[in-house]
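# Chains, contacts and geometry: an overview
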Amino acid sequence: MILIAGGTGTLGRELVARLTAAGREVRVLTRDADRAEGLPVELAIGDVRDPSSLADAMRGTSVVISAVHGFLGGRGAGPEEVDNHGNGNLVRVALDAGVKRFVLVSVLDAALDHPMSLHRAKYAAERQLRASELPWTILRPSSYIETWTGIVGAKLASGGPAIVFGRADNPINFVSVRDVAALAERAITDPALSGQVIDIPGLDNLTMTELAQHLGASKTRHIPRAALRCLSIVLAPWAPALARQTSAALVMDTTDMSADASALAQQFPDITWHPATDIARRFQSANRGAASN
């Protein structure tokens, strides 16, 4: 049995589809059964922040894939609570349950001193997993193109502008969740990947302006850097998730977020990689179809 924590998210759903199509037994850990409606899997109701809720989910489990994140979480459900402490709870309960392999989905450039709270929390989770006695693999993907097409292109179907942040001229590496899911599946089947930290950049480095162009935007609205700075401070006490997102957008506009995928492609030549530009064009085609209906 494979337990996926975070199985109702963007990556989690791709993992579910891929693993069930391969005939594997999958169980999804979720706080809300309604969010898992339609998934062809066994459900376990629990919360990574509450270790007492995890024991039942672990019963009979041989592999754990943690795709949880608190980037969009509100008060008490942010990266520190979910990505750091929540993953720590998963690791400890998995060890007690005799799990044979643990795959942690972290983030590219995770580090103790990273300006993004998500990256700091993911790094803390990595340290807890590596210090455990569990066989582990850590995956470090860059930004998901599927997530950012939805953010930048949210208003395009209704004729609105693409929404970009800051100057939008900073190259950012984007990867498809399909590629991350392919490597997660490989990590649970290939013993050679045990004990490895695998960076997963995508094929494309795109500025937000370029992404908007690939989405077919005819007009673009910029959220200025000054506004992002102000919002990240003012919103923190009242809307921590939105404050976190504006702070991250500022970092993405001012920090080197590019990466080179050539070494990864050479290491896994049999995996079909999906360019971010192709994902963006498919989003554009879907929007055109929706607008014509």
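Below or above, wherever it landed, is the structure these notes cover. Just so you know, these numbers come straight off a predicted model, no measurement behind them.

Turning our attention to the overall build of the protein chain. Of regular secondary structure, the protein chain possesses 11 helices and 12 strands. Rg of the C-alpha trace for the protein chain: 19 Å, near the compact-globule value of 19 Å for 293 residues, within the 12% margin. When the backbone C-alpha atoms are referred to their principal axes, the protein chain occupies close to 55 × 45 × 40 Å. In the protein chain, which comprises 293 residues, the proportion classed as buried is 53%. Look at the contacts in the protein chain between residues 6 or more apart in sequence, and 75% of them connect residues 24 or more apart. Of the accessible surface of the protein chain, which amounts to about 13100 Å², a share of 51% is contributed by carbon and sulfur atoms.

With their axes 9 Å apart at the nearest point, helix 1 (residues 10-21) and helix 6 (residues 177-189) run at an angle of 55° to one another. By the angle between their directions, the pair helix 1 and helix 6 is classed as oblique. The chirality of how helix 1 crosses helix 6 is right-handed. Between helix 1 and helix 6, the residues in contact are Thr10, Leu11, Glu14, Leu15, Arg18 and Leu19 and Val177, Arg178, Val180, Ala181, Ala182, Ala184, Glu185 and Ile188, respectively.

As a further point, take the pairing of strand 8 (residues 162-165). Neither face of strand 8 is left uncovered, since the one carrying Ala162 and Val164 and the one carrying Ile163 and Phe165 both have all their residues buried. Pairing of strand 8 with strand 12 (residues 220-223) involves 4 bridges; the strand directions are parallel. If you follow phenylalanine 165 over to strand 12, its bridge partner there is isoleucine 223.

To continue, consider helix 1. Under the 1.5 Å per step criterion, the end-to-end length of helix 1 is 17 Å for 12 residues, consistent within 8% with the ideal 16 Å. Here helix 1 has its buried residues at Leu11, Gly12, Leu15, Val16 and Leu19. Angular distribution of buried residues about the axis of helix 1 spans 140°; they occupy a single face of the element. The inward-facing, buried residues of helix 1 abut strand 1 (2-5), strand 2 (26-30), strand 4 (63-66), strand 5 (101-105), strand 7 (143-144) and helix 6. Positive backbone phi, approximately 85°, marks glycine 23, located one or two places after helix 1.

A separate point is the packing of aromatic side chains. What the rule picks out here adds up to 1 aromatic pair. Judged by centre distance (6.2 Å) and plane angle (85°), the rings of tryptophan 148 and phenylalanine 165 are edge-to-face. Here phenylalanine 165 lies in strand 8 and tryptophan 148 lies in helix 5 (residues 145-152), a separation of 17 residues in the sequence. Neither residue differs from the other here; tryptophan 148 and phenylalanine 165 are each classed as buried.

Mapped onto the elements, aspartate 179 comes out in helix 6. Notably, aspartate 179 is buried but unbridged: the nearest opposite-charge side chain belongs to arginine 178, and the N-O separation is 6.2 Å. For aspartate 179, the contacting residues outside a window of four places in its chain are Thr272, Trp273 and His274.

For aspartate 109, which is not glycine, the phi torsion reads 70° and is therefore positive. When its relative accessible area of 42% is taken as the criterion, aspartate 109 is described as partly exposed.

With that settled, consider the pattern of salt bridges. A side chain of one charge can pair with a side chain of the opposite charge when the charged atoms of the two come close. Applying the stated criterion across every chain, the model contains 10 salt bridges. For the salt bridge of glutamate 42 with arginine 27, the shortest nitrogen-to-oxygen distance reads 2.8 Å. Of this pair, glutamate 42 sits in strand 3 (residues 42-45) while arginine 27 sits in strand 2, and the two are 15 residues apart along the sequence. For arginine 27, a relative accessible area of 8% puts it in the buried group. Between lysine 122 and aspartate 83 there is a salt bridge, and its shortest N-O distance comes to 3.0 Å. Placement of lysine 122 in helix 4 (residues 117-131) and of aspartate 83 in helix 3 (residues 79-97) is noted, with a sequence separation of 39 residues between them. Residues lysine 122 and aspartate 83 agree in their burial class; the two are buried. A single salt-bridge network, built from bridges that share partners, covers Arg18, Arg24 and Glu185.

Procedures and definitions
Residue positions are given per chain, counted from 1 along the sequence in the order it is written. Two thresholds apply to this predicted model, a pLDDT of at least 70 for residue-level local features and 80 or more for giving and counting side-chain atom pairs, whereas whole-chain, interface and lining totals are computed over all residues. To get the side-chain values, take all heavy atoms of the structure and skip hydrogens and water. The helix and strand labels rest on DSSP assignments: H or I over at least four residues marks a helix, E over at least two residues marks a strand, and numbering proceeds from the N terminus. The globule rule used for comparison is 2.2 Å times the number of residues to the exponent 0.38, while the radius of gyration itself is calculated over C-alpha atoms. Only protein chains enter the area calculation, which uses a 1.4 Å probe; residues under 20% of their type maximum are buried, those over 50% are exposed, and those in between are partly exposed. Only heavy atoms enter the contact rule, under which two residues are in contact if any of them lie within 4.5 Å. Only the protein chains shown count as covering a residue, and every accessible area follows the Shrake-Rupley method with a 1.4 Å probe. Angles shown run from 0 to 180 degrees and are taken between the N-to-C directions of axes, each axis being a line fitted to C-alpha atoms and, for helices, limited to the stretch in contact. Any angle between 65 and 115 degrees counts as roughly perpendicular, while under 35 counts as roughly parallel, over 145 as roughly antiparallel, and the rest as oblique. For any helix crossing, the convention is left-handed if the near helix is rotated counterclockwise from the far helix by under a right angle, and right-handed if that rotation is clockwise. Strand pairing is assigned whenever DSSP detects at least two bridges linking the two strands. In this scheme, a helix's expected span is set at 1.5 Å multiplied by one less than its residue total. It is the directions from the helix axis to the C-beta atoms whose arc is reported. Between rings of Phe, Tyr and Trp, where Trp is taken as its six-membered ring, a pair exists when centres lie within 6.5 Å; planes separated by under 30 degrees are stacked, by over 60 edge-to-face, and by other angles tilted. Counting rule for charge: Lys and Arg are taken as positive, Asp and Glu as negative, and neither His nor the chain ends is counted. A side-chain nitrogen of Lys or Arg and a carboxyl oxygen of Asp or Glu constitute a salt bridge if their distance falls within 4 Å.

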